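# Geometric and topological summary
Below, each chain spelled out in residue letters.
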Amino acid sequence: MELAYIPSPSRGVLYLGPIPLRGYAFCIIIGVFIAVWLGNRRWVARGGQSGTVADIAVWAVPFGLVGGRLYHVITDYELYFSPGRDWVDAFKVWQGGLGIWGAIALGALGAWIGARRRGIPMPAYADAVAPGIALAQAMGRWGNWFNQELYGRETHLPWALHITSSEGGRVPGYYHPTFLYESLWCIGVAFLVMWADRRFKLGHGRAFALYVAAYCVGRGWIEYMRVDDAHHILGLRLNDWTALIVFLLAVTYMIVSSRLRPGREEIVEPLAADGPTEDTVASGGSAEGTETDTGAGKPAASEPKAEPADEPEPKATAEKTEPATKKS
């Protein structure tokens, strides 16, 4: 009998009347909110407008979900299109199966569309949301815990994950909680990116590239521990090869970008820098050089004050004017 282990939930869905509340979907939704919240704070700190990150996320999130599902279905097609399988299951996202590689790739396409519509440089936006994406992944991995999936090799460590389900070929027992390892790694990646961005003033997409490279390092050794079915190439799992290739691309981008475009963007959102915002106009103010409540009627600071023309100095009036007649 194990003295300590991580228990698995008895079920991954709760019902609120006829409405199912699935743990996997709930974790993804929370992750999206975390990413948007943190991304908005970082975007505003860079000089952007509040709400821009959420507006672009409206494009990025749906694209990311579709991309993540497509990558999973394509790389594990036998789960849905083999004899005896129901292809309709490929659309059941709530049962698990989102590939981060496809989610980032297609999500970036959606973000690019949203950023282009607002005239925002995509690399600056990617830098702002990078730590939030890592935290969203950390939260999303707990969805695998609800589904009792993506665990590692058998172990008897005190933090072993106790798998109780026998569905889908699972064998009940105690395994490495690779979902937990990846969740903790993603939290570390988020803090690494925020520290490096503050310390080195990363710009032009280099903060995002650092996030990608750091995540790939952790994903490589965590993927090597997993025991779920996967395609292998030259003895390595497909996702290990993907992590290696993406890592090299991210590092190459950081090196080339730092040489071609050193420093950081001074302006990330032209609307915020060039003119008044809608909120400012609605409140009766303007972007800069405006009159305030305490300075109404005063000339603007930028206008030179008119100097009075030279006038002859008035004669001294200290002496009193004597009356025309004297009193006798």
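These notes cover the structure that comes with them. Small disclaimer: the values here were computed from a predicted structure and weren't measured.

Reading guide: rules and limits
Residues numbered from 1 in each chain as written. Predicted model: local features only at pLDDT ≥ 70, side-chain atom pairs only at ≥ 80, totals over all residues. Heavy atoms only, no water. Helix = DSSP H or I, 4+ residues; strand = E, 2+ residues; numbered from the N terminus. Buried < 20%, exposed > 50% of the residue type's maximum accessible area, 1.4 Å probe, protein only. Contact = heavy atoms within 4.5 Å. Areas by Shrake-Rupley, 256 points an atom, 1.4 Å probe, with all protein chains shown as cover. Pairing = 2+ DSSP bridges. Phe/Tyr/Trp six-rings, centres within 6.5 Å; stacked < 30°, edge-to-face > 60°. Expected span 1.5 Å × (residues − 1).

## Let's talk about the overall build of the chain
Secondary structure assignment for the chain yields 11 helices and seven strands. Burial status across the chain gives 39% buried among its 328 residues. Long-range contacts, defined as pairs at least 24 residues apart, comprise 70% of the intrachain contacts of the chain with a sequence gap of at least 6. By element, 63% of the accessible surface of the chain is carried by carbon and sulfur atoms, the whole surface being about 20500 Å².

## Here we look at the pairing of strand β2 (residues 13–16)
When β2 meets strand β3 (residues 19–22), the two strands line up antiparallel, connected through four bridges. In the sheet register, Leu 14 faces β3, and the bridge partner there is Leu 21. Joining the antiparallel neighbours β2 and β3 is a turn of two residues, in which Gly 17 adopts a positive phi near 70 degrees.

## Some thoughts on the packing of aromatic side chains
Scanning the entire structure with this criterion turns up 12 aromatic pairs. An aromatic cluster is defined as three or more aromatic residues linked by ring pairs; in this entry it consists of Trp 142, Trp 145, Phe 146 and Phe 179.

## Side note on helix α1 (residues 23–45)
Along its 23 residues, α1 runs 33 Å from first to last C-alpha, staying within 8% of the 33 Å computed at 1.5 Å per residue. Within α1 the residues assigned to the buried category are Gly 23, Tyr 24, Cys 27, Gly 31, Ala 35, Leu 38, Gly 39, Asn 40, Arg 42 and Trp 43. In this structure, the buried side of α1 is in contact with β3, α2 (52–75), α5 (122–140), α6 (142–147) and α7 (178–200). One or two steps after α1, the chain reaches Gly 47, where phi turns positive at roughly 105 degrees.

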